[in-house]
Amino acid sequence: MPIPAAEPLFALLDRLGVAHSTLEHPPVFHVGEGDEIKASLPGGHTKNLFLKDAKGRLWLVSALQDTRIDLKALPAVIGAAKLSFGKPELMEEALGVTPGSVTAFALMNDTERRVTFVLDKALLAKEPLNFHPLINTATTAVSAAGFLTFLKALGVTPVLVDFA
């Protein structure tokens with residue numbers, strides 16, 4: 001069954017020659033929900049944080065779901081000012097998604113490149129990578145190489161971080 005909110009993403013991945021597979025499921029809003037769904041999908045499952053720093057810069061962090069992210073230490077690592085969670089309205093404006101659906105794939109909606117993308121090195125080492133496809137009622141898997149192709153096509157160079 002088509003997923004209307006995800007069709008632009010799937011069309012882009014197809015144009016880029018990035019193989020992808022998608023599993024539809026009940027809504028998953030937070031890490032820790034949907035463990036039975038994730039258990040049936042191989043690869044790296046993500047946590048995605050939309051953040052704003054004290055200077056107004058926007059950040060999207062994608063990491064393995066169980067990664068501990070210290071928001072007090074992270075600014076020094078990525079060159080940010082003090083970080084806090086971005087407001088839902090700002091997320092929707094910048095990335096075109098709502099809370100619970102935030103995903104690295106939403107970078108395709110950031111046409112002004114306002115959001116700096118931070119990527120967990122440990123996540124990038126997994127195969128495949130699993131993200132929501134702009135909506136939290138499905139999970140889309142792509143290879144790490146395919147994900148990097150997606151980012152390159154957008155002109156996004158991730159800030160790679162070893163959270164370990």
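For the structure itself, consult the block above.
Basis of the calculations
- Residues numbered from 1 in each chain as written.
- Predicted model: local features only at pLDDT ≥ 70, side-chain atom pairs only at ≥ 80, totals over all residues.
- Heavy atoms only, no water.
- Helix = DSSP H or I, 4+ residues; strand = E, 2+ residues; numbered from the N terminus.
- Buried < 20%, exposed > 50% of the residue type's maximum accessible area, 1.4 Å probe, protein only.
- Contact = heavy atoms within 4.5 Å.
- Areas by Shrake-Rupley, 256 points an atom, 1.4 Å probe, with all protein chains shown as cover.
- Pairing = 2+ DSSP bridges.
- Arc of directions from axis to C-beta.
- Phe/Tyr/Trp six-rings, centres within 6.5 Å; stacked < 30°, edge-to-face > 60°.

Draft legend 1. Representation of the overall build of the protein chain. Looking only at helices and strands, one finds six helices and eight strands in the protein chain. Listed N to C, the secondary structure of the protein chain is α-β-α-β-β-α-β-α-β-α-β-β-α-β in terms of helices and strands. When the 164 residues of the protein chain are sorted by exposure, 51% land in the buried category. In the protein chain, the share of contacts with a sequence separation of at least 24, taken over all contacts with a separation of at least 6, comes to 64%. Within the structure as shown, the protein chain displays about 8,100 Å² of accessible surface, and the carbon and sulfur contribution to it stands at 56%.

Draft legend 2. Representation of unusual backbone geometry within the structure. The peptide bond linking Glu-127 to Pro-128 adopts the cis configuration, its omega dihedral lying at -15°. Within the fold, Pro-128 resides in the loop between helix H5 (121-124) and strand S6 (129-131). Notably, Arg-113 is not glycine yet its phi reads approximately 55°, a positive angle. Inspection of the secondary structure puts Arg-113 in the loop between helix H4 (88-95) and strand S5 (115-120). You can call Arg-113 partly exposed: its relative accessible area is 33%.

Draft legend 3. Focus on the pairing of strand S7 (residues 138-142). Taking burial as the measure, the five residues of S7 include five buried ones, the bulk of the element. Covered by surrounding structure in S7 are Ala-138, Thr-140 and Val-142 together with Thr-139 and Ala-141, the residues of both alternating faces. In this structure, strand S1 (residues 21-24) lies alongside S7, joined through four bridges in antiparallel fashion. Across the sheet, Thr-22 pairs through a bridge with Thr-140, a residue of S7. Looking at chain direction, S6 and S7 are connected through three bridges and run antiparallel. When the bridges of S7 are listed, Leu-129 appears paired with Val-142. If you look at the hairpin formed by S6 and S7, you'll find six residues sitting between the two strands, and Leu-134 has a positive phi there, around 75°.

Draft legend 4. Region of the structure containing H4. Within the span of H4, buried status applies to Leu-90, Met-91, Ala-94 and Leu-95. For H4, the arc enclosing every buried residue in end-on projection is 100°, short of the 170-degree limit, so these residues lie on one face. Projecting away from the buried face of H4 at angles above 90 degrees are the exposed residues Glu-89 and Glu-93. Each element contacted by the buried residues of H4 is listed here: strand S2 (44-53), strand S3 (58-64) and S5.

Draft legend 5. Representation of the packing of aromatic side chains. One pass over the full model with this rule turns up six aromatic pairs. Between Phe-105 and Phe-147, the ring centres sit 6.3 Å apart and the planes meet at 70°, which makes this aromatic pair edge-to-face. Here the residue Phe-105 occupies a position in the loop between H4 and S5, and Phe-147 occupies one in helix H6 (residues 144-154), the gap between them amounting to 42 residues. Neither residue differs from the other here; Phe-105 and Phe-147 are each classed as buried. Their ring planes at 70° and their centres at 6.1 Å tell us that Phe-117 and Phe-147 sit as a pair that is edge-to-face. Placement of the pair is Phe-117 in strand S5 and Phe-147 in helix H6, with a sequence separation of 30 residues.

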